[in-house]
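For reference, the chains in residue letters:
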Amino acid sequence: MVGEINSTIYNCGIIQLPRINNRAGNITSLENNITIPFEVKRVYYLYDIPGGEDRGGHAHKELEQFIIAVSGAFDVLIDDGTNKKLVHLDRPFIGLHIVPGIWRELLNFSSGAVSLVLASEKYDERDYYRDHDEFKLIKNAE
Ligand code: TYD
């Protein structure tokens with residue numbers, strides 16, 4: 001796995017999840033190290049996001065994440081200190097894998113959107129970069 005300093009947005013990726021479908025709807029199941037490219041230690045979800053609000057605005061040192069729009073839609077801006085990319089998530093069978101050392105912002109939530117986040121570590125505030133200038137300095141230091 002690429003480290004927090006050397007990682008780029010090109011190490012992040014969209015993953016298509018399996019879908020079991022019949023006339024009564026769909027099921028998507030997620031398994032550690034198979035569908036999800038790491039061992040999940042924590043799951044959380046964002047919901048009731050007021051119109052116009054953004055989330056994220058940080059990077060992680062070691063944490064990997066897998067983000068799914070299980071309902072509705074939103075955009076994820078990923079940023080490695082040099083390159084940026086806007087990823088639109090609007091399907092419950094599509095996930096975005098974010099490696100360590102990537103700044104992310106979640107924007108443009110549709111009404112009723114739910115963002116499911118699978119994380120490779122337990123919550124630890126010491127794993128966060130919350131200052132974008134500091135993040136850029138660390139990513140671009142040679
Ligand atoms: P944060 O990760 O900044 O949220 P977002 O990126 O969605 O804007 O977390 C917001 C607050 O919630 C912060 O005070 C830390 C707390 N929090 C936990 O206690 N446990 C968790 O698993 C998460 C994700 C956040």
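In this text the structure is predicted, and so the values were computed from the model without any measurement.

(A) Structural context of the packing of aromatic side chains. The tally for this structure, following the rule as stated, stands at five aromatic pairs. For the ring pair tyrosine 45 and tyrosine 47, a centre distance of 5.6 Å and an interplane angle of 40° mean the geometry is tilted. Summarising the aromatic geometry, the rings of tryptophan 103 and phenylalanine 135 are spaced 5.5 Å apart at their centres and angled 45° between planes, so their arrangement reads as tilted. Remark: phenylalanine 135 occurs in helix H1 (residues 132-140) and tryptophan 103 occurs in strand S10 (residues 103-107); sequence separation between them is 32 residues. A single burial state applies to tryptophan 103 and to phenylalanine 135, both of which are buried. Taken together through their ring pairs, the aromatic side chains of Trp103, Tyr129 and Phe135 make up a single cluster. Above the ring of phenylalanine 93, the side-chain terminus of arginine 19 is found at 3.8 Å from the ring centroid.

(B) Structural context of the pairing of strand S11 (residues 114-119). Within S11, six of the six residues are buried, which leaves it mostly tucked inside the rest of the structure. Of the two faces of S11, the one lined by Val114, Leu116 and Leu118 and the one lined by Ser115, Val117 and Ala119 are each fully buried. Bridge count between strand S4 (residues 42-46) and S11: five bridges; the pairing is antiparallel. Following the sheet pairing, tyrosine 45 is matched in S11 by leucine 116. Sheet topology places strand S6 (residues 65-71) next to S11; six bridges connect them, and they run antiparallel. Bridge pairing in S11 places isoleucine 67 opposite valine 117.

Conventions adopted
- Residues numbered from 1 in each chain as written.
- Predicted model: local features only at pLDDT ≥ 70, side-chain atom pairs only at ≥ 80, totals over all residues.
- Heavy atoms only, no water.
- Phe/Tyr/Trp six-rings, centres within 6.5 Å; stacked < 30°, edge-to-face > 60°.
- Helix = DSSP H or I, 4+ residues; strand = E, 2+ residues; numbered from the N terminus.
- Buried < 20%, exposed > 50% of the residue type's maximum accessible area, 1.4 Å probe, protein only.
- Lys NZ or Arg CZ within 6 Å of the ring centre and 35° of its normal.
- Pairing = 2+ DSSP bridges.

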